[in-house]
Amino acid sequence: MPGPILRWRVRRELAVLKTVAALGFALLTVLSLGDPRGMILAGVATLVAAGLALRDVLAPVRLSADGHGLVVVKGFAGSERVPWSAVERIRVDTRTRLTSRTEFLEIDTGDGIFLLSRFDLGAPCQEVADRLCTLRSGH
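Residues numbered from 1 in each chain as written. Predicted model: local features only at pLDDT ≥ 70, side-chain atom pairs only at ≥ 80, totals over all residues. Heavy atoms only, no water.

(A) Molecular detail of helix α4 (residues 125–137). An ideal rise of 1.5 Å per residue puts 18 Å on 13 residues; α4 measures up with 18 Å between its terminal C-alpha atoms. Taken together, the buried positions of α4 are C125, V128, A129, L132 and L135. Seen along its axis, α4 keeps its buried residues to an arc of 130°; they face one direction. One or two positions beyond α4, positive phi appears at G138, with a value near 85°. (Helix = DSSP H or I, 4+ residues; strand = E, 2+ residues; numbered from the N terminus. Expected span 1.5 Å × (residues − 1). Buried < 20%, exposed > 50% of the residue type's maximum accessible area, 1.4 Å probe, protein only. Arc of directions from axis to C-beta.)

(B) Seen up close, the sheet that holds strand β4 (residues 78–83). In spatial order, the strands read β1-β2-β3-β4; together these 4 strands make up an open sheet with antiparallel pairing. Looking at which strands have only one partner, the edges of the open sheet turn out to be β1 (6–9) and β4. Going across the sheet, the axis of each strand differs from the next one's by a mean of 15°, ignoring polarity. Judged from the 4 bridges that link them, β1 and strand β2 (residues 61–66) form a sheet pairing that is antiparallel. When the bridges of β2 are listed, W8 appears paired with L63. (Pairing = 2+ DSSP bridges. Axes fitted to C-alpha atoms, helices over the stretch in contact; angles between N-to-C directions.)

(C) Quick look at the pattern of salt bridges. For the structure shown, the criterion picks out 12 salt bridges. Residue K74 pairs with E80 through a salt bridge whose shortest N-O separation is 2.9 Å. Residue E80 is classed as partly exposed on the basis of its relative accessible area of 27%. Put simply, R89, R91, D93, R95, E106 and D108 are held in one network by salt bridges that share partners. (Salt bridge = Lys/Arg side-chain N within 4 Å of Asp/Glu carboxyl O.)

(D) Molecular detail of helix α1 (residues 12–31). For α1, which comprises 20 residues, the first-to-last C-alpha distance of 29 Å matches the rise-based estimate of 28 Å (1.5 Å per residue) to within 8%. Residues of α1 that are buried sit in contact with α2 (36–58). (Contact = heavy atoms within 4.5 Å.)

Worth remembering: the numbers are spatial, not functional.
Structure (structure tokens):
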């Protein structure tokens, strides 16, 4: 019998925020009809925010794991199954610049690296890395 399936997903609040931002930029685009530069900028912002919101709807689960391996989001809304035997390393990459600190969960398969932020996972990267390492080792 297979073990539990763990899933990490984008928080709904962030998806809603991106949707509201897309609607706000769309309104700004309409209000900028007399200003070509403003209309172009607001239009581009609308498309970017709408694209990010659409990705959250199409692929809300960015990472799942079970006793056999991982399923990681790949591309815009696709996914890739990675068996545990293909995972070479799981770690948290932390970078600090000036006063900003970023963390990414890094899953190295030898053939590629998957990077996921806390915004992708809806949880702290170190917490996810610890759970994955525990699941991978079978404890």
